[in-house]
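Letter by letter, the chains look like this.
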2 protein chains.
Amino acid sequence: MNEDCVIYKIAGFIGKKWTIPIILELYKKKPKKRYSEIKKNFSGITPKILSMRLKELEKNGLVKKEMDISSVPVKCYYSLTERGLDFIRVINQIKKWGLKWNYGRCSSNAKSCKNCDL
Amino acid sequence: MNEDCVIYKIAGFIGKKWTIPIILELYKKKPKKRYSEIKKNFSGITPKILSMRLKELEKNGLVKKEMDISSVPVKCYYSLTERGLDFIRVINQIKKWGLKWNYGRCSSNAKSCKNCDL
DNA sequence: CCGGATCCTCTGCGATACTG
DNA sequence: CAGTATCGCAGAGGATCCGG
């Protein structure tokens, strides 16, 4: 198996817990969100995991971090890059496949499903 | 986070090691492959993991298992279902995104990359 | 307020040996 | 041949405390 393979690498980070919810959270409504805003929109995520995922996504070029040092405390804003926005299309493809084959289900109540609410 | 969510569930099994290579292995050339055929085409996979993955894929309806009891020893054939074949399209979408944004690279030598050799 | 650092648990994966 | 059983490790993820 080739570790450098595109597909393998992408599949690797997609599968990590919270990655997709975070991407979609940054896609919805406000384009820029602060760390605490993201955090409060997820029940159960720990600061460490959120930090890790944001860092991974930043490293992979899907998320951009901007800091506002003018104020105290420093405010950190996270948003999707162009690359990250384009990834939404991929997520939609996955979703379409899932719905087509009745794999799992989309929550009937959109508000309760942060993933499917595209 | 909604555990039943389509996207989350799919992302969950995509990300598991060997899942995608196995799907693609069953896609290439011979449509039906025996357990040992799959195994020998991957260096490094253990029988336990291969069993687990095949069972997961079967449970998710992407892979179909057929047994030939007429002969001894029993021969087990694995192949993609219609649903599984349709999933190849999703994998291709992921690949396209990756190549478009130069995320990782496709192995220059196709023989060494079981993933990208679509 | 935004995280970093630590500690701990749990499971995914691998190696090896064994069985119907 | 087609798996299962057992063991062990490393890394992911969670809980909690700490610092700029």
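Residues numbered from 1 in each chain as written. Chains lettered and ligands numbered in written order. Predicted model: local features only at pLDDT ≥ 70, side-chain atom pairs only at ≥ 80, totals over all residues. Heavy atoms only, no water.

Asks: Go over the sheet that holds strand β1 (residues 33-34) of chain A with me, naming the residues and quoting the values.
Replies: Residues and elements named next belong to chain A. Reading across the sheet, the three strands line up as β1-β3-β2 and stay open at both edges, with antiparallel pairing between neighbours. At either end of the open sheet lies a strand with only one pairing partner, and these are β1 and β2 (63-68). Pairing between β2 and strand β3 (residues 75-80): six bridges, direction antiparallel. Following the sheet pairing, K64 is matched in β3 by S79. (Pairing = 2+ DSSP bridges. Helix = DSSP H or I, 4+ residues; strand = E, 2+ residues; numbered from the N terminus.)

Asks: Please provide a residue-by-residue account of helix α5 (residues 82-100) of chain B, values included.
Replies: Its 19 residues place the ends of α5 of chain B 28 Å apart at the C-alpha level, agreeing with the 27 Å of an ideal helix rising 1.5 Å per residue. Considering only its buried residues, α5 of chain B is in contact with α1 (6-14) and α5 (82-100) of chain A together with α1 (6-14), α2 (19-27) and β3 (75-80) of chain B. (Expected span 1.5 Å × (residues − 1). Contact = heavy atoms within 4.5 Å.)

Asks: Hey, could you go over the sheet that holds β3 of chain B for me, with residue numbers and the actual values?
Replies: With respect to topology, three strands assemble into an open sheet ordered β1-β3-β2 (chain B), the strand pairing being antiparallel. Two strands close off the open sheet at either side, each with one partner strand: β1 (33-34) and β2 (63-68) of chain B.

Asks: I'd like a rundown of the protein's contact with DNA strand D, residues and numbers included.
Replies: Neighbouring DNA strand D are 19 residues, the closest being K48 and R53 of chain A together with R34, S36 and Y78 of chain B. Put simply, 67% of the atoms of DNA strand D that lie within 4 Å of the protein are in sugar or phosphate. In this structure, a phosphate oxygen belonging to DNA strand D sits 2.8 Å away from a side-chain N or O atom of S36 of chain B. One of the backbone nitrogen or oxygen atoms of C76 of chain B is found 3.4 Å away from a phosphate oxygen of DNA strand D. The set of elements that each furnish at least two residues to the surface near DNA strand D consists of α4 (47-59) of chain A together with α3 (35-41), α4 (47-59) and β3 of chain B. At four residues, the largest contribution of residues to the surface near DNA strand D is made by α4 of chain B. Looking at the surface near DNA strand D residue by residue, the class counts come to eight nonpolar, three polar and eight charged. (Near = heavy atom within 4 Å. Polar contact = N/O pair within 3.5 Å; in protein donor to acceptor, adjacent residues only side chain to side chain. Nonpolar A, V, L, I, M, F, W, Y, C, P; charged D, E, K, R; others polar.)

Asks: Talk me through the confidence of the model for chain A; I want residue IDs and the actual numbers.
Replies: Residues and elements named next belong to chain A. Averaged over every residue, the pLDDT of chain A is 84; the share at 70 or more is 85%. Averaged pLDDT values over the elements of chain A bottom out at 88 in α1 and peak at 94 in α5. Here residues 108-112 scores under 50 on pLDDT; set against residues more than four positions off or in separate chains, the count is three contacts. (pLDDT = per-residue confidence, 0-100.)

Asks: Explain the environment of I69 of chain A residue by residue, including any values.
Replies: Looking at the element boundaries, I69 of chain A is found in the loop between β2 and β3. In this structure, the C-alpha to C-alpha distance between I69 of chain A and I7 of chain A, residues 62 residues apart in sequence, is 38 Å.

Asks: Account for the environment of I88 of chain B, with residues named and values stated.
Replies: Residue position: I88 of chain B is located in helix α5. Distance from I88 of chain B to E37 of chain B, taken between C-alpha atoms, is 21 Å for residues 51 residues apart in sequence.

Asks: An account of the pattern of salt bridges is needed here, citing residue identities and associated values.
Replies: Throughout the structure, instances matching the rule amount to 14 salt bridges over all chains. Of the charged contacts, one joins K28 of chain A and E25 of chain A as a salt bridge, the two residues approaching to 4.0 Å between their closest N and O atoms. For K28 of chain A, a relative accessible area of 14% translates into the label buried. The buried category is assigned to E25 of chain A, whose relative accessible area is 4%. Note that K30 of chain B is salt-bridged to E37 of chain B, the shortest N-O span being 2.5 Å. Take K30 of chain B: its relative accessible area is 43%, and that puts it in the partly exposed class. Among the residues examined, E37 of chain B registers a relative accessible area of 18% and is labelled buried. One connected set of salt bridges, linked through shared partners, spans K16, R53 and E56 of chain A. (Salt bridge = Lys/Arg side-chain N within 4 Å of Asp/Glu carboxyl O. Buried < 20%, exposed > 50% of the residue type's maximum accessible area, 1.4 Å probe, protein only.)

Asks: An account of the packing of α1 of chain A against α5 of chain B is requested, with residue identities and associated values reported.
Replies: The geometry of α1 of chain A relative to α5 of chain B is characterised by a closest axis approach of 9 Å and an angle of 100° between their N-to-C directions. Taken together, the axes of α1 of chain A and α5 of chain B are roughly perpendicular relative to one another. Each of V6, I7, I10 and I14 of chain A in α1 of chain A lies in contact with α5 of chain B, whose residues at this interface are I91, I94, K95, W97, G98 and L99 of chain B. In terms of residue class, the contact of α1 of chain A with α5 of chain B is built from eight nonpolar, one polar and one charged. (Axes fitted to C-alpha atoms, helices over the stretch in contact; angles between N-to-C directions. Parallel < 35°, antiparallel > 145°, perpendicular 65-115°, else oblique.)

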